[in-house]
Amino acid sequence: MDVLPPLNALRAFEVAGRYLNFRLAAQEMGLTQGAVAQQVRLLEAHLGMALFERHAKGLAFSTAGRGYHAAVAASFDGLRAATQVLRPEPGKVLISVTPAFAAKWLIPNLPAFSEVCPEIDLRIMATEKLSSFHSEGINLAIRQGAPPFGAALEAICLFRQDVIAVVSPHLAGAQAAQLALSALAELPKLHDGHDLWPQFLAQLGVEDQAGRGLRLNQVALAIDAAISGQGLALVPRFLVARDLAAGTLVQVTPEVLQGDKAFYLLAEPRKKRSKAVEQVRRWLVEMSDQPDERCGPRSCRETPLGADTAEPQL
């Protein structure tokens, strides 16, 4: 008699055990939440014991389930490693980032990356949707969020969310850097999905006199609209550092809105990283703001990619 459980059931258990959540496991596997739960129940029936304790807020391992998951996860890691030996791509690194981070920070810095890592084939996936390290082959990811996170990935804070008001010098005139609060109130505002203008103006004690303004769904679009002279934009400082240095944008007031969602680099544990992935990870950290405690812990726990989507992603 074959004592091996069905492979699909083992796979569902392995993924659900990483997230301790059927919904997130279903997103990674491309199944419904009910289908994942059913596969886990089939495995439990096959074994004759419960592997999870079901709670309103998620799952917890049973005593038997915890040890069994460690063995099953190790087996799947072995299968992945064996497959990688057959078709290795040692220089390939796939990084998942949001469109604004790709357009306004990563792509402008790629020449510097190519100088120090010319042998690495860096591939960029710019997306707003949830991404999976396993099913989509993601090696690294950058997302905006706040700890605590989940349980399997290293998370390193790269950039604080220091939000500033910027404008084209052609719109605000030569005195843009010393813009009066009255002028700030009257200039048109560019709104993105984060909708931070009410909070920023309240911090300054300013009432907006410009009306609704242009509304865009991404920060990158708001930056481009500001450069073209269509209004004031509120953006993380590091995303417009090059534009400020070049003079295509100017900061109109020294006040900074300190956001609570920093930009984090997410990576699998060191033992699972290739040499190329580790090189890219190290370069990103070296290029970061070298954050202090306000950016959060340097080593956190996992977040499913895009899990900060309760807040609009950049």
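Structure: see above.
The model shown is predicted, which means the values in this text are computed figures rather than measured ones. (Residues numbered from 1 in each chain as written. Predicted model: local features only at pLDDT ≥ 70, side-chain atom pairs only at ≥ 80, totals over all residues. Heavy atoms only, no water.)

### Digging into the side chain of Arg-281
Threshold: Put simply, DSSP marks the helices as runs of H or I at least four residues long and the strands as runs of E at least two long, and each gets a number from the N terminus on. Throughout this description, buried means an accessible area under 20% of the type-specific maximum (1.4 Å probe, protein chains only), exposed means over 50%, and partly exposed covers the range between. Contact between two residues is taken to exist if any of their heavy atoms lie within 4.5 Å; hydrogens are not considered.
Examined against the element boundaries, Arg-281 turns out to sit in helix H11 (residues 275-286). Residue classification places Arg-281 among the buried positions, given a relative accessible area of 12%. When neighbours within four sequence positions are excluded, Arg-281 is seen to be in contact with Leu-140, Glu-154, Ile-156, Leu-265, Arg-270 and Arg-273.

### Description of the packing of aromatic side chains
The line we're drawing: Two rings from Phe, Tyr or Trp (for Trp, the six-membered ring) form a pair when their centres are within 6.5 Å of each other. A pair whose planes differ by under 30 degrees is stacked, one over 60 is edge-to-face, and the rest are tilted. Two conditions define a charge located above a ring, namely a distance within 6 Å from the ring centre to NZ of Lys or CZ of Arg, and an angle within 35 degrees of the ring normal.
Overall, the coordinates contain 13 aromatic pairs when judged by the stated rule. Taken together, the ring pairs in this structure connect Phe-101, Trp-105, Phe-113, Phe-159, Phe-238, Phe-263 and Trp-283 into an aromatic cluster. Geometry around Phe-76 places Arg-11 over its ring, the cationic atom sitting 5.8 Å from the centre. Over the face of the ring belonging to Trp-197 we find Lys-189, whose NZ or CZ atom lies 5.8 Å from the ring centre.

### A few points about helix H5 (residues 99-116)
Basically, it comes down to this: Here the expected span of a helix is defined as 1.5 Å times the quantity of residues minus one. Axes are fitted to the seven residues ending at a residue and to the seven starting at it; the angle between these axes is taken as the bend at that residue.
Here H5 contains 18 residues, and its C-alpha end-to-end distance of 24 Å stays within 8% of the 26 Å for a straight helix at 1.5 Å per residue. Leu-110 marks the point of greatest bend in H5, at about 45 degrees, and the proline Pro-111 comes within the next four residues. Turning to H5, its buried residues number three or more, namely Pro-99, Ala-100, Phe-101, Ala-102, Lys-104, Trp-105, Leu-106, Asn-109 and Phe-113.

### Quick notes on the packing of helix H2 (residues 22-29) against helix H3 (residues 33-47)
Just so we agree on the cut-off: Lines fitted to the C-alpha atoms define the axes, with helices restricted to the stretch that makes contact. Angles between their N-to-C directions range from 0 to 180 degrees. Comment on the angle field: the value is read as roughly parallel under 35 degrees, roughly antiparallel over 145, roughly perpendicular from 65 to 115, and oblique elsewhere. Gly is placed with the polar residues, together with every amino acid not listed as nonpolar (Ala, Val, Leu, Ile, Met, Phe, Trp, Tyr, Cys and Pro) or charged (Asp, Glu, Lys and Arg).
Relative orientation of the contacting elements H2 and H3 amounts to 105 degrees, with a least axis distance of 8 Å. One finds that H2 runs roughly perpendicular with respect to H3. On H3, the residues that touch Phe-22, Arg-23, Ala-25, Ala-26 and Met-29 of H2 are Gln-33, Val-36, Ala-37 and Val-40. Taken together, the residues of the contact of H2 with H3 sort by class into 7 nonpolar, 1 polar and 1 charged.

### A word on empty space enclosed by the protein
Put simply, the rule reads: Only protein atoms enter the 1 Å grid used here. Points where a 1.4 Å probe fits but cannot escape make up a cavity, open sets with protein on both sides within 12 Å along at least five of seven lines make up a pocket, and a residue lines them when an atom lies within 4 Å of a point. Grid points are joined across faces, edges and corners, and a volume is the space filled by probe spheres set on the points.
Applying the stated criterion to the full structure yields 2 cavities of 30 Å³ or more. Lining the largest cavity are 15 residues, with Asp-192, His-194, Leu-196, Val-219 and Leu-234 positioned closest to its centre. If you tally residues by element for the lining of the largest cavity, the top one is strand S10 (residues 232-236), at 3 residues. Taken together, the residues of the lining of the largest cavity break down into 9 nonpolar, 4 polar and 2 charged.

### Observations regarding the pairing of strand S2 (residues 58-61)
What counts, and what does not: Any two strands are treated as partners once DSSP identifies two or more bridges connecting them.
As judged from the 4 bridges shared by strand S1 (residues 52-55) and S2, these two strands associate in the antiparallel manner. For Phe-52, the partnering residue across the bridge sits in S2 and is Phe-61.

### Section: the packing of helix H1 (residues 7-19) against H3
Just so we agree on the cut-off: Left-handed is the label given to a crossing in which the near helix is rotated counterclockwise from the far helix by less than a right angle, and right-handed is the label when the rotation is clockwise.
One way to put it is that H1 packs onto H3 with a least axis distance of 8 Å and a crossing angle of 115 degrees. The angle between H1 and H3 falls in the class roughly perpendicular. Handedness of the crossing formed by H1 with H3: left-handed. Contact residues: Asn-8, Ala-9, Leu-10, Ala-12 and Phe-13 in H1; Val-36, Gln-39, Val-40 and Leu-43 in H3. Its residues assigned to classes, the contact of H1 with H3 comprises 7 nonpolar, 2 polar and no charged.

### Quick notes on the pattern of salt bridges
Selection criterion: By convention in these notes, a salt bridge is any Lys or Arg side-chain nitrogen within 4 Å of a carboxyl oxygen on Asp or Glu.
Applying the stated criterion across every chain yields a total of 14 salt bridges. Ionic pairing is found between Asp-121 and Arg-123, a salt bridge with its closest N-O pair at 2.8 Å. By relative accessible area, Asp-121 is classed as partly exposed at 33%. Arg-123 sits in the partly exposed class, given a relative accessible area of 34%. Each member of the salt-bridge network shares a partner with another, and the members are Arg-11, Glu-14, Arg-18, Glu-28, Asp-77 and Arg-80.

### Some remarks on the nonpolar core
Here is the rule: What is meant by a nonpolar core is a set of buried Ala, Val, Leu, Ile, Met, Phe, Trp, Tyr and Cys residues, joined one to another through side-chain atoms within 4.5 Å.
Judged by nonpolar contacts, the single largest core of 42 residues is most densely connected at Phe-101, Trp-105, Leu-140 and Leu-284. Core analysis: the second largest hydrophobic core is formed by 21 residues, Val-15, Val-36, Ala-37 and Val-72 among them.

### Concerning the pairing of strand S3 (residues 92-97)
Worth spelling out the cut-off: Orient the strands so they point away from the viewer; a crossover is then right-handed if the path from the first strand over the helix to the second runs clockwise.
Taken across its 6 residues, S3 has 5 buried, putting it largely inside the fold. Each parallel crossover has a hand, and the one from S3 via H5 to strand S4 (residues 121-126) is right-handed. Where S3 lies against strand S5 (residues 140-145), 2 bridges are found, and the strand directions are parallel. Bridge assignment links Ser-96 to a residue of S5, and that residue is Ala-141.

### A short note on the sheet that holds strand S13 (residues 262-267)
One open sheet accounts for 5 strands, arranged S4-S3-S5-S13-S6; its pairing is mixed. Since the sheet does not close on itself, it has two edges, and those belong to S4 and strand S6 (154-159), each with one partner. Neighbouring strand axes in the sheet, compared pairwise and without regard to direction, differ in orientation by 25 degrees on average. The pairing of S5 with S13 spans 6 bridges and is antiparallel. Opposite Arg-143, over in S13, you have Tyr-264 as the bridge partner. Sheet contacts for H5: S3, S4, S5, S6 and S13; angle to S4, the most-contacted strand, approximately 165 degrees.

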